[in-house]
Structures are given as structure tokens and as C-alpha cells.
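Below, each chain spelled out in residue letters.
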2 protein chains.
Amino acid sequence: LVPAQAACCFTSNTIKAAPVIVDRMRYARSRFFRAILANSGNANCHNGRRGVSDALAAGDAFAGALGIPSEQILLASTGIIGKRLPVERLVQAAPQLAAGLSRSGIGNAARAILTTDTRSKEVTARCVLSGKPVTICGIAKGAGMISPSMATMLAFILTDASVQPSVLRSCLRSAVDASFNCITVDGCMSTNDTVILLANGCASNAAVRAGRDLRIFSAALSAVCLRLAQMIVRDAEGITKFITIRVRGAQTRAQARRVGLAIANSSLFKTAMYGENPNYGRIAAAAGASGVRVQESALRVRVSPLRARDITVEVSIGRGQASATVYTSDLSPEYIKINAEYT
Amino acid sequence: LVPAQAACCFTSNTIKAAPVIVDRMRYARSRFFRAILANSGNANCHNGRRGVSDALAAGDAFAGALGIPSEQILLASTGIIGKRLPVERLVQAAPQLAAGLSRSGIGNAARAILTTDTRSKEVTARCVLSGKPVTICGIAKGAGMISPSMATMLAFILTDASVQPSVLRSCLRSAVDASFNCITVDGCMSTNDTVILLANGCASNAAVRAGRDLRIFSAALSAVCLRLAQMIVRDAEGITKFITIRVRGAQTRAQARRVGLAIANSSLFKTAMYGENPNYGRIAAAAGASGVRVQESALRVRVSPLRARDITVEVSIGRGQASATVYTSDLSPEYIKINAEYT
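Everything quoted here is computed from the prediction, not taken from an experiment.

Thresholds applied
- In this numbering scheme, every chain counts its residues from 1 along its sequence in written order.
- Throughout, the order in which chains and ligands are written sets their labels, letters from A for the former and numbers from 1 for the latter.
- For a predicted model such as this one, the threshold for reporting local features is a pLDDT of at least 70, and the threshold for listing and counting side-chain atom pairs is 80 or more; totals across whole chains, interfaces and linings nevertheless cover every residue.
- The side-chain figures draw on all heavy atoms in the structure; neither hydrogens nor water molecules are used.
- Elements are defined by DSSP. Helices are runs of H or I of four residues or more, strands are runs of E of two residues or more, and each kind is numbered from the N terminus.
- The accessible surface values rely on the Shrake-Rupley method and a 1.4 Å probe; as for residues, cover is taken only from the protein chains in view.
- Positive charges come from Lys and Arg, negative ones from Asp and Glu, while His and the chain ends are left out of the count.
- In this description, the location of a charge corresponds to atom NZ of lysine, CZ of arginine, CG of aspartate or CD of glutamate.
- Two residues form a contact once any of their heavy atoms are found within 4.5 Å.
- Note: buried area is the sum, over both parts, of the accessible area (probe 1.4 Å) each one loses when the two are combined.
- Here a polar contact means two N or O atoms within 3.5 Å. Within protein one must be a hydrogen donor candidate and the other an acceptor candidate, and residues neighboring in sequence count only if both atoms are side-chain atoms.
- One less than the residue count of a helix, multiplied by 1.5 Å, gives the span that helix is expected to have.
- Exposure classes here rest on a 1.4 Å probe applied to the protein chains alone. A residue is buried below 20% of its type maximum, exposed above 50%, and partly exposed in between.
- For two strands to count as paired, DSSP must find a minimum of two bridges between them.
- For helices, the fitted line uses only the C-alpha atoms of the stretch in contact; every axis is such a line through C-alpha atoms, and the angle between N-to-C directions lies from 0 to 180 degrees.
- When the copies are superposed, the least-squares fit takes in the C-alpha atoms of residues with a pLDDT of at least 70 in both.
- Note that the term roughly parallel is reserved for angles under 35 degrees, roughly antiparallel for angles over 145, roughly perpendicular for angles of 65 to 115, and oblique for everything else.
- Nonpolar residues are Ala, Val, Leu, Ile, Met, Phe, Trp, Tyr, Cys and Pro. Charged residues are Asp, Glu, Lys and Arg, and all others, Gly as well, are polar.
- One speaks of a salt bridge when a side-chain nitrogen belonging to Lys or Arg is within 4 Å of a carboxyl oxygen belonging to Asp or Glu.
- Between the rings of Phe, Tyr and Trp (Trp by its six-membered ring), a pair exists once the centres lie within 6.5 Å; its type follows the angle of the planes, with under 30 degrees stacked, over 60 edge-to-face, and the other angles tilted.
- Charge-over-ring placement is defined geometrically: NZ (Lys) or CZ (Arg) within 6 Å of the ring centre, and within 35 degrees of the ring normal.

Engineer: Kindly report on the overall build of chain A, identifying the contributing residues and their values.
Structural biologist: Counting secondary structure elements, chain A contains 10 helices and 13 strands. Projected onto its principal axes, the C-alpha coordinates of chain A cover approximately 65 × 50 × 30 Å. Entry remark: accessible area of chain A is about 13,400 Å², with carbon and sulfur atoms responsible for 50%. Distance between charge centroids for chain A: 6 Å, based on 40 positive and 21 negative side chains.

Written out as C-alpha cells, the structure reads:
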């Protein structure tokens, strides 16, 4: 197990799950990690101090089985909030988990983290940095409580590239900003959202700092994150429509995204899409309630034909030159069924 | 038709319907009005300049039939956004409408403004001010796009009390703040929301200014608004649960309301209530995502038994002494059905 440099993004929910609390402490102290221990079915959130001690115990057992310090493991959980983590089962499984590690195990990991997801999400990109071939491979899960949240969003991205530490963090921040932070299924922000990028440098490229290599690595990482984020929306709970919302004419990218997310989170917009109902006034109403000063006379809305599974909504608000693209699903009775019964 | 002093509250959506645009202009110039012309089925919103000229034409026809200046009429519309107002039909109906005015017509008005509502909403309060009996009668409509929003919220409150102008406005503001601004069905803010209070002074009480009369009038008005707001939620699209959320321990009332509305607008919370599913972690997750710094260790949540139609959620966030109460409905497949098909 080669130590890898890490860059992480965690939920901004003030209620944070125990694994997020542990990871934030560890990430504040060190940027080098060797393993991620993730479980699905239980979010280990809102469990107080016992949640944290349970998370630590699970991590310790796994670290012991791997023969590495506990501080070199990052933790992630997803599932029901407020139920105690079945820590005994995790502790008992640790030796078997450690023994089962394999170079070709990423597919198993991608399947193991699913909850209400209907399929696993895995994306690989390859590029060349300072003459060396480099691979970036990401897996993710998430289908509801995405804004991102119950199913919760987790994404783990592994690369053998060597990247300068501050560059690794800024590349991840910009990739997440344009991908996982631009998707919403239900406007519900999870307590467990976690994106972890581990770069172990095994490709032996000259550490990425600037220039062409930075552009190549950043573009490849962004492509992996965007593809994973889109896969999460395509697998959204109860989805019948995959909706791309492009907002143009904003003063800043953040303003454009705010308008896009306001539309994407409108239950009336989402139900209209589900019903293939051309009730475009709801788009204007949602944009006007976004907190951005959208004027009716400047607002332009175009929607692609509603019969298709993939729908594009183009909105121009006529205030500036900035734009953003947001991805969402419709709101169907199946979403309600899944979440009325989930536990 | 006695001129009445008016106090009004309009939507804060930056996309405003034509009748709201007209009312705001008229209300800026004068505080005395004699009539309200309201229609349902068409919101007359997002119709550009033609929307405004259509609204003015409908108002002019009605003013002509009543023999009063157009500027003394307030307008309100509710229904589909983005379709032209059938102004000819309104103009043609004006003489009949004017001829049909009656002291006992409030019930007809309450029914005429409904859209997806299943019942009419009318509340009357009586009190005594400076020895004179006074009546406050309010009607409202709204069932979806309530945060308040498509069905849109309209409320018209009539009283024969005489009230000092600035007092009338501040009484309405505080009544609306604790009623219509504390309800949400779907988190969607309408372009047409309008609350109009008309006070014609026919009760001949000494104009309400301060002291005991102010407390009595303000309490009666607040009770009418709260009851109407609760009736709107009880008639929410697809409702199977009426949910009261009490948030305590906040630093300010606004902070308490923000936490309450974050919970009330969480699709995951609402679907759990629909499914009678004790997934209380979703309440913590929504509170933590509200923008208020809610700490897990200080958070207390209690929920009344889920089998009942009326459910109370009590949340304490342990930051201060302020509290707020918010009312909402659950999210059911019927809500989706209604809004997928609406047009």
C-alpha cells in the first residue's frame, strides 16, 4: 500500500456524520493516506460521541488487518441516519476485507458502496504527463439526498499521477465545483457527502505544477468528476428525465448556478418535466425566486422537446456574460415511493 | 362602495405578475381603494407589456361598470403562468359582476378564486373597539406553489374597523409574518402572491392607534390570517398529513423560522411523513443544511405519533430563546399527479 497524497471535499451541512468528523481531523493533520474504508446501509450520523468511537473502532480494525497506522485511513459511510453503526460486523470483516484487496477490485468497491442506486458508477481517464502514461479512476454512489444527500453522495478518485499538493487540492476544488456541486436530485444536502482524491505518484511523472501538464491533468480530473456526477443524476431515485439546465447572461458563474439550482430544485418544474407538461411559466417563477434579480423583460427560456428522456433547458437572464450548467432529474411518484418506504 | 384604507403585501419574487405590477403602482400613489377584481385560472404573469395592458383593460371595464375611477380598484390573478389573459371575457362580464355585488356575496368570492383548491377558505373574527362592534372577514385561496406559489396564494381581508394608516400596515405586516410567511407546501414562491386588507371604518370606532384597541385589533387580524394560512396548508395539493413544526432555542425568530422552513421544504422529510416512516435523521440533516449553525450535540427532535393526520415536530437547537412555528404538508404521489397534469 503506497502512501498517496489526498485532496478531500466534505459536506457543508453543519450536522456532519461521524466518518466526516474523523476524516476532517485526519485531513487537517496530514495529507498522506493509504486506504479508504467505506460502508453503505448506515450513515453513522447523528449518533453522538458513540458514532465517532464506532467509526474509529472500525477504522482501527481495518488498519490492524492492513498493518498500517489508523491515521492513514479515511472513512466514509452512507445509508440511514441516526441508527448505530453495526461496528462488530465491520470489525469481524476486517481481516477478510484486507485479504481480498486486489488491483482489479475497483468494480467490487463501486458496487459495495451503493444504496438506492440501481447501477455502479465507475469512470476512468488516461492521459500523458511529462511523457508518462497516467490513469485517473473514479467511483461514486448517490441516487437521492443529492444536492448533494439519504443515499448520500460519495466519490473516490484514485490516480497514479504525481501532483504538487496545492495543485492537487485546487484541481479537485475546481473539478467538484463544476460537477458534484452542479447536480441536484432533491435539494437535500447530505450529512455524509465526501469526495476523496488520492494520488500516489506511481506513474513517476514530474510532479504536476503548472503549464501544459496542469491543464491536461485538471481537464482529465474534471472530466472524471463531471461524468460521475452525471451518472449520479442519471441514476436518481425515480428518474424518468435527465435534465440539463444551462443558464447564460449572469454576472458571475455563482449567480448563474444559483438560478440553475433554483429551477432544478423547484418541485413544480420537476413535476412538469415528469408530466411532459410545457408549463414553462414555472421556470420563470423559479428563476424569479432564486434570490438573483431576474427581470421578466430580460428573461429568455427555451426547452427541448419534452418527449425525449434527455431534456435541455436554456435560460438567459440578460445581466452579464457568465454561465453555468446544472444537472437534475424530474420528480416522479417513484421518488416518493422509494423515500416513503426507506429504512 | 365606501372607500377603504388599504394595507397590502405582495410576492417578493422578482418575476411579478401583471396584476401585482399594477397594484404596486396604485398602492404607491394612494392608500384608498373601493374594490378588488380577482380572477382564477390565469395568473397573467410572464406576459410582458401585453399582460399589464390586459390587466388594466379588465380593471377599467369593471371600474366603468361600478362608476368609480380605475385607480381605486386593486387587481389579483391566479392560475397558469405565461398564457394571455382572456381579457374579452372579463370585459364582457363586468356589468354582470357589478350588478351582482351583494353584502352576502363573500362566499361566492371565496369560491370564485379557487384553482386546485378543494374547498373555499373564509374566516370571520369579531371584536369590540372603543365600544363599537367590529368585524374582520378574510378569504384566501392556495393549494400549491405555496412558499407561498401555480395555485398561488391570494388573501383578501375586509374589515369595517377604523384604523390609523401606519397602524393598519404594521398590523398586517406582523400578522402576515406569523401566518402566510410561515407556511410552505412545496417551497415554490409564486409570482402572484397578494394579501390585501381593506378597512372602511364603517364601524365608527375611534381610529385604532395604540393601547388596548391596538392589541385587540392586531390579535384578531393575526388570528384571521393564521387561520386562513392553516386552511391553505390543510388543502395543500395531495396532502395526507398536516404538519406543525415548532422550532425553539434559536437566537432570533427569523433564525427559528429558517430552520423550520428548511425542514418543511425537505422532500425527504415530507416523503417520510407521507410514508409514516420514523426517519428522523432527515430532520437533523435538513436542519443542518438550513444555513443556521445547528450543532448535533445541541439538537433535540421530538415527533408526535405518525399514524395521525395531524403531526407535530418539535425541534430545539440550543442556541438561544427565540422560537417560530411553521406549517406544512407531506409530499404524496397525488401532488405529483396534480402538477404533472396541470395546464
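Engineer: An account of the interface of chain B and chain A is requested, with residue identities and associated values reported.
Structural biologist: At the junction of the two partners, chain B supplies 46 residues and chain A supplies 46 residues. Where chain B abuts chain A, roughly 3,700 Å² becomes buried across the two surfaces, and 62% of that area is made up of carbon and sulfur atoms. It is Leu268, Glu296 and Ile336 of chain B in chain B that bury the most area against chain A; as a group they hold 18% of the surface buried on that side. Counting the contacts that link chain B with chain A gives nine residue pairs in polar contact (both at pLDDT 80 or more). Contributing elements (two or more residues each) for the side of chain B that touches chain A: α8 (267-274), α9 (281-288) and α10 (333-341) of chain B. The dominant element in the side of chain B that touches chain A, judged by the number of residues it contributes, is α10 of chain B, at six residues.

Engineer: Go over helix α1 (residues 18-29) of chain A with me, naming the residues and quoting the values.
Structural biologist: Residue and element names in this part refer to chain A. For α1, spanning 12 residues, the distance from its first C-alpha to its last is 17 Å, which sits close to the expected 16 Å at 1.5 Å a residue. Buried within α1 are the following residues: Ala18, Pro19, Val20, Val22, Asp23, Arg26 and Tyr27. Looking at the buried side of α1, the elements it contacts are β1 (4-10), β2 (32-33), α2 (48-66), β4 (73-80), α5 (165-177) and β9 (194-199).

Engineer: Give me the lowdown on the sheet that holds strand β2 (residues 32-33) of chain B, citing residues and values where you can.
Structural biologist: Residues and elements named next belong to chain B. With mixed pairing, six strands are arranged side by side in an open sheet as β2-β1-β9-β7-β6-β5. Unpaired on one side and paired on the other, β2 and β5 (121-129) mark the two borders of the sheet. Across two bridges, the pairing between strand β1 (residues 4-10) and β2 is antiparallel. The partner of Ala4 across the bridge, within β2, is Phe33. Against the sheet, helix α1 (residues 18-29) makes contact with β1, β2 and β9 (194-199), and its axis sits at roughly 135° relative to β1, the strand it touches most. Packing against the sheet, helix α5 (residues 165-177) makes contact with β1, β7 (154-159) and β9, and its axis sits at approximately 35° to β1.

Engineer: Hey, could you go over the relation of the copies chain B and chain A for me, with residue numbers and the actual values?
Structural biologist: It takes a turn of 180° to lay chain B on chain A, together with a shift of 0.0 Å along the axis; the resulting RMSD is 0.0 Å. The transformation just described matches what one would write down for a two-fold rotation axis. Of every C-alpha in chain B, the one belonging to Pro333 of chain B sits nearest the axis of rotation, 2.4 Å from it. The residues that chain B uses at the interface reappear at the interface of chain A in 100% of cases, marking a shared surface.

Engineer: Before we move on, can you summarise the environment of Leu197 of chain B with the specific residues and values?
Structural biologist: Residues and elements named next belong to chain B. Here Leu197 lies in strand β9. The exposure class of Leu197 is buried, given its relative accessible area of 0%. In this structure the C-alpha to C-alpha distance between Leu197 and Leu158, which are 39 residues apart in sequence, comes to 5.8 Å. If sequence neighbours within four positions are ignored, Leu197 has contacts with Gln5, Ala6, Ala7, Ile157, Thr159, Leu168, Leu172 and Leu221.

Engineer: Hey, could you go over the packing of helix α8 (residues 267-274) of chain A against α10 of chain B for me, with residue numbers and the actual values?
Structural biologist: It is at 7 Å that the axes of α8 of chain A and α10 of chain B come closest, and there the two elements cross at 70°. When the interaxial angle is binned, α8 of chain A and α10 of chain B end up roughly perpendicular. In contact with Ser267, Leu268, Thr271, Ala272 and Tyr274 of chain A of α8 of chain A, α10 of chain B contributes Tyr335, Ile336, Asn339 and Ala340 of chain B. Taken together, the residues that form the contact of α8 of chain A with α10 of chain B break down as six nonpolar, three polar and no charged.

Engineer: Any details on the pattern of salt bridges? Residues and values, ideally.
Structural biologist: Two side chains with opposite charge may pair up if their charged atoms get near one another. Residues and elements named next belong to chain A. As enumerated under the stated definition, the model contains 22 salt bridges over all chains in all. Residue Arg84 is joined to Asp54 by a salt bridge in which the shortest nitrogen-to-oxygen separation is 2.9 Å. Of this pair, Arg84 sits in the loop between β4 and α3 (87-99) while Asp54 sits in helix α2, placing them 30 residues apart in sequence. The partly exposed category is assigned to Arg84, whose relative accessible area is 43%.

Engineer: Hey, could you go over unusual backbone geometry for me, with residue numbers and the actual values?
Structural biologist: For Asn44 of chain B, which is not glycine, the phi torsion reads 45° and is therefore positive. Here Asn44 of chain B is to be found in the loop between β3 (35-42) and α2 (48-66).

Engineer: Lay out the packing of aromatic side chains in plain terms, naming residues and giving numbers.
Structural biologist: How two aromatic rings sit relative to each other is given by the distance of their centres and the angle of their planes. Here the structure, examined in full by the defined rule, presents four aromatic pairs over all chains. Seen in terms of ring centroids, Phe10 of chain B and Tyr27 of chain B are 6.3 Å apart; in terms of plane orientation they differ by 80°. Their pairing is edge-to-face. Linking Phe10 of chain B in strand β1 with Tyr27 of chain B in helix α1, this pair joins segments that are 17 residues apart in sequence. Classification of Tyr27 of chain B as buried rests on a relative accessible area of 11%. Over the ring of Tyr27 of chain A we find Arg31 of chain A; its NZ or CZ atom is 4.2 Å from the centre of that ring. Positioned above the aromatic ring of Phe242 of chain A is the side chain of Arg234 of chain A, whose terminal nitrogen or guanidinium carbon lies 3.8 Å from the ring centre.

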